Amino acid sequence: MCEKLILKARFVILNYKEYIENGYILVENGIIKKVGKVNEIQEEDASLIYDFKDAIIAPGFINTHTHAAMVGMRGMADDLPLKEWLEKYIWPTELKLVDRDFIRNTLPLALAEMISSGITTYVDMYFFEDTAAEIVKEAGIRAVLGEGIIDGETPAFKTPNETLDFVKNFYLNYERDNFIFPAVAPHAPYSTSKETLLRSKELAVEFGMPLLIHVAETQWEFNEIRNRTGLTPFAYLKSIGFLCEKVIAAHSVWIGEDEFEIIKNERVNISHNPESNAKLASGIAPVTRFIKEGINVTIGTDGACSNNNLDIIEEMRTASLLQKVKDLNPESLSSREIFKMATENAALALGLHDKLGTIESGKWADLVVLSLHSPHMRPVFDPYSHIVYSAKSTDVKAVLVNGKLIYLNGEFLTIDIEKAYHDVAKVEERVKREILKWS
């Protein structure tokens, strides 16, 4: 059966350069078929027509770095530097707390939080990603899922070799899926050996998977890698043959002068996580310089344990404002540039730029609708400016993935939000009972 629907709004943003005022989108079987002005609509046998009127329709936002299920530890260990936060609190807690039930009890809440800020695809580095995939499928959004790999025990596996074997089988189970995209996710160059890094890359290249890793998040990491290897982090990764266009490097705050050319030449993608970096006092990534050098920069929220939310609209605003302060230049990281990072650049990093990131014929109908019907959204002279500088996640009116509404007027259509609240409350009680012994 051929399902057609038409969406109308005051603004339809096609990409970071172009938008249509008083526009419409024709969607057929989850694919965008036509885009144009409302007065150009021809007779279409559409089964559904959504007229959002005073609103902006934009490509769905893509969160290129998070640890989604960590919403279960939100606010558990705040106001600490990254190394202490990880080694004394997060990693020990995960080994004790995180299992398949933890994922089942936390991930629906994380998905709801992301959906309600307009995220239609997210990139995850965490554990039990096969269980996560089942939950993601039920919620109807898209996810790039990378099982976390370190040189040691994780909540899911005893060794990195066991994890890599899982990743291969995980890929084979989902290789033709349009909602689940397996990835390889070694944690960082300081926590993963050369052998494990190269095995991870080999697997990513063999099967065409994204290669997710934290790189140069803190000054400590920058100095640690240089002390161990005599090279800066990206220079070290290049020297061992790890870098390639599959890599999405999260954070990348501390960059040596020689490394910009390395990142560019190796076609590495950067995931900028400004709020997490600010909260952990890691620093502000040199995004303006990345862009000037022609490096593909995207945006991520990081996890709710270090951010402490998954709101990508807030993340976009923060990214732009922090970069202006860093550069002492109000022209740094414009609203259109940051919008591009959250849409087109992200789709390119995932190898899905032929399917996602813009509103045009032939692409998947993954869309976010933002209402202009609130005091802080009037008047409107530039819809890009409004999304980045004025909007809040509460302005998200609707979210569609593959042409299907999954969120409308504050209602989650694919997630039982009351059950999500109930389930995460069980995790909260367990954390209080078993984990927060230092408080």
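All of the points below concern the structure found in this document.

A few points about the overall build of the chain
For the chain, the count of helices and strands is 15 helices and 17 strands. In terms of overall dimensions, the chain is globule-like: its C-alpha atoms have a radius of gyration of 21 Å, near the 22 Å expected for 439 residues. Taking the principal axes of the C-alpha coordinates as reference, the chain spans close to 65 × 45 × 45 Å. Expressed as a percentage of the 439 residues in the chain, the buried residues total 60%. Here the chain contributes 48 positively and 64 negatively charged side chains, and the mean placements of these two sets differ by 1 Å.

Details of the pattern of salt bridges
Within the structure shown, the criterion is met by 24 salt bridges. Note that E153 is salt-bridged to K158, the shortest N-O span being 3.2 Å. Residue classification places E153 among the partly exposed residues on the basis of a relative accessible area of 42%. Assessed through its relative accessible area of 54%, K158 is described here as exposed. Each of R10, E21, D54 and R378 takes part in a single network of salt bridges with overlapping partners.

A word on the nonpolar core
Of all hydrophobic cores here, the largest spans 122 residues; its most connected members are F61, W85, I103, L107, L111 and Y122. The element that contributes the greatest number of residues to this core is helix α2 (residues 100-115), accounting for nine residues. Grouped together as the second largest cluster of nonpolar side chains are 19 residues, I25, F52, L367 and V369 included.

Digging into helix α6 (residues 219-229)
Since the α-helix advances by 3.6 residues per turn, residues separated by three or four positions end up pointing in the same direction. Among the residues of α6, E221, F222 and I225 are the ones counted as buried. Angularly, the buried residues of α6 cover 105 degrees about the axis, an arc narrow enough to put them on a single face. Phi turns positive one or two residues past the end of α6, at G230, with a value near 80 degrees.

Quick notes on the packing of helix α3 (residues 129-139) against helix α4 (residues 160-174)
Between α3 and α4, whose axes approach to 11 Å, the crossing angle comes to 25 degrees. With respect to α4, the element α3 is oriented roughly parallel. Side by side, α3 and α4 meet where E129, D130, A133 and E134 of the first sit next to F166, F170 and Y174 of the second. Along the lines of polarity and charge, the residues of the contact of α3 with α4 split into four nonpolar, no polar and three charged.

Considering the pairing of strand β5 (residues 55-59)
Most of β5 is tucked away, with five of its five residues classed as buried. Relative to β5, strand β1 (residues 4-13) runs parallel, the two being bridged by two bridges. Residue pairing in the sheet places F11 in a bridge with I56 of β5. Sheet topology places β5 next to strand β14 (residues 367-371); five bridges connect them, and they run antiparallel. Looking across to β14, one finds that I56 is bridged to L370.

Basis of the calculations
Residues numbered from 1 in each chain as written. Predicted model: local features only at pLDDT ≥ 70, side-chain atom pairs only at ≥ 80, totals over all residues. Heavy atoms only, no water. Helix = DSSP H or I, 4+ residues; strand = E, 2+ residues; numbered from the N terminus. Rg over C-alpha atoms; globule rule 2.2 N^0.38 Å. Buried < 20%, exposed > 50% of the residue type's maximum accessible area, 1.4 Å probe, protein only. Lys, Arg positive; Asp, Glu negative; His and termini not counted. Charge placed at Lys NZ, Arg CZ, Asp CG, Glu CD. Salt bridge = Lys/Arg side-chain N within 4 Å of Asp/Glu carboxyl O. Core = buried A, V, L, I, M, F, W, Y, C linked by side-chain atoms within 4.5 Å. Arc of directions from axis to C-beta. Axes fitted to C-alpha atoms, helices over the stretch in contact; angles between N-to-C directions. Parallel < 35°, antiparallel > 145°, perpendicular 65-115°, else oblique. Contact = heavy atoms within 4.5 Å. Nonpolar A, V, L, I, M, F, W, Y, C, P; charged D, E, K, R; others polar. Pairing = 2+ DSSP bridges.

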